[in-house]
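Listed below, chain by chain, are the residues.
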Amino acid sequence: QVQLVESGGGLVQAGGSLRLSCAASRSIFILNVMAWYRQAPGKQREWVASITRSGNTNYADSVKGRFTISRDNAKNTVYLQMNSLKPEDTGVYYCNKQPVYNYEYWGQGTQVTVSS
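A brief look at the structure comes next. Being a predicted model, the structure only gives us computed values, none of them experimental. Starting afresh in each chain, residues are numbered from 1 along the sequence in its written order. The model is predicted, so local features are restricted to residues of pLDDT at least 70 and side-chain atom pairs to those at 80 or more, both for listing and for counting; the totals for chains, interfaces and linings are taken over all residues. Side-chain figures throughout are based on the complete set of non-hydrogen atoms in the structure, without hydrogens or water.

### Here we look at unusual backbone geometry
Now for step 1: Across the junction of Q98 and P99, the peptide omega takes the value 5°, indicating a cis bond.
Now for step 2: Checked against the element boundaries, P99 lands in the loop between strand 9 (91–98) and strand 10 (110–115).
Now for step 3: Although it is not a glycine, N76 adopts a positive phi angle of roughly 50°.
Now for step 4: Helix and strand definitions here come from DSSP, where helices need a minimum of 4 consecutive H or I residues and strands a minimum of 2 consecutive E residues; each element is numbered from the N-terminal end. You can see N76 is positioned in the loop between strand 7 (67–72) and strand 8 (77–82).
Now for step 5: Accessibility expressed as a relative area gives 13% for N76, which makes it buried. Burial here depends on accessible area, computed with a 1.4 Å probe over protein chains only, as a share of the maximum for the residue type. Under 20% is buried, over 50% is exposed, and the range in between is partly exposed.

Structure follows, in structure tokens:
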């Protein structure tokens, strides 16, 4: 059964930090590059960061130097440490494999709100 459960979002002031977690079913996690995506109000979902099974990472320019993605292969969990948060980081954050298409399964996401 495919499952993605994101958690850790919340309301934080600009400059603050949050750590997101995503528990994934093994069928998704074991063979795939995992990634975080986000969707701001009124905008399309966008890719934020990704990590290979061996730990190689890649980041969108907008979050580079502020966000850190990591994964625990034993726990089928991927994390996103977000520092120096900005109001433009506000949105619903999702994890999933990469690549992924909109018609595929997505979890419920976790809301991140950054106040100025």
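Still more ground to cover, so stick around.
### Thoughts on the packing of aromatic side chains
Now for step 1: Pairing of aromatic rings covers Phe, Tyr and the six-membered ring of Trp, with a centre-to-centre limit of 6.5 Å; geometry is then stacked below 30 degrees between planes, edge-to-face above 60, and tilted otherwise. As enumerated under the stated definition, the model contains 3 aromatic pairs in all.
Now for step 2: On the numbers, 5.3 Å between centres and 80° between planes, the contact of Y37 with W106 is edge-to-face. With a gap of 69 residues between them, Y37 in strand 4 (residues 33–39) and W106 in the loop between strand 9 and strand 10 connect regions that are remote in the sequence.
Now for step 3: You can call Y37 buried: its relative accessible area is 8%.
Now for step 4: Seen in terms of ring centroids, Y101 and Y103 are 5.7 Å apart; in terms of plane orientation they differ by 5°. Their pairing is stacked.
Now for step 5: Exposure remark for Y103: the relative accessible area of 71% places this residue in the exposed category.
Now for step 6: Taken together, the aromatic side chains of Y37, Y94 and W106 make up a single cluster linked through ring pairs.
Now for step 7: The lysine or arginine in question, R45, covers the ring of W106, its NZ or CZ lying 3.5 Å from the ring centre.
Now for step 8: Distance and angle both matter: a charge sits over a ring if NZ of Lys or CZ of Arg is within 6 Å of the ring centre and within 35 degrees of the ring normal. One residue, R71, lies across the ring of F29, its end atom 4.2 Å from the ring centre.

### So, the state of the cysteines
Now for step 1: Cysteine sulfur pairs qualify as disulfides if the two atoms are within 2.5 Å. This structure, assessed with the given rule, holds 1 disulfide.
Now for step 2: Note on cysteine connectivity: C22 is disulfide-linked to C95, with sulfurs 1.7 Å apart. With a gap of 73 residues between them, C22 in strand 3 (residues 18–24) and C95 in strand 9 connect regions that are remote in the sequence.

### Examining the pairing of strand 9
Now for step 1: The buried count for strand 9 comes to 7 of 8 residues, which makes it a mostly enclosed element.
Now for step 2: Alignment of strand 4 against strand 9, held across 7 bridges, turns out to be antiparallel. Looking at the pairing, Q39 lines up with V92 of strand 9. A pair of strands counts as paired when DSSP detects no fewer than two bridges linking them.

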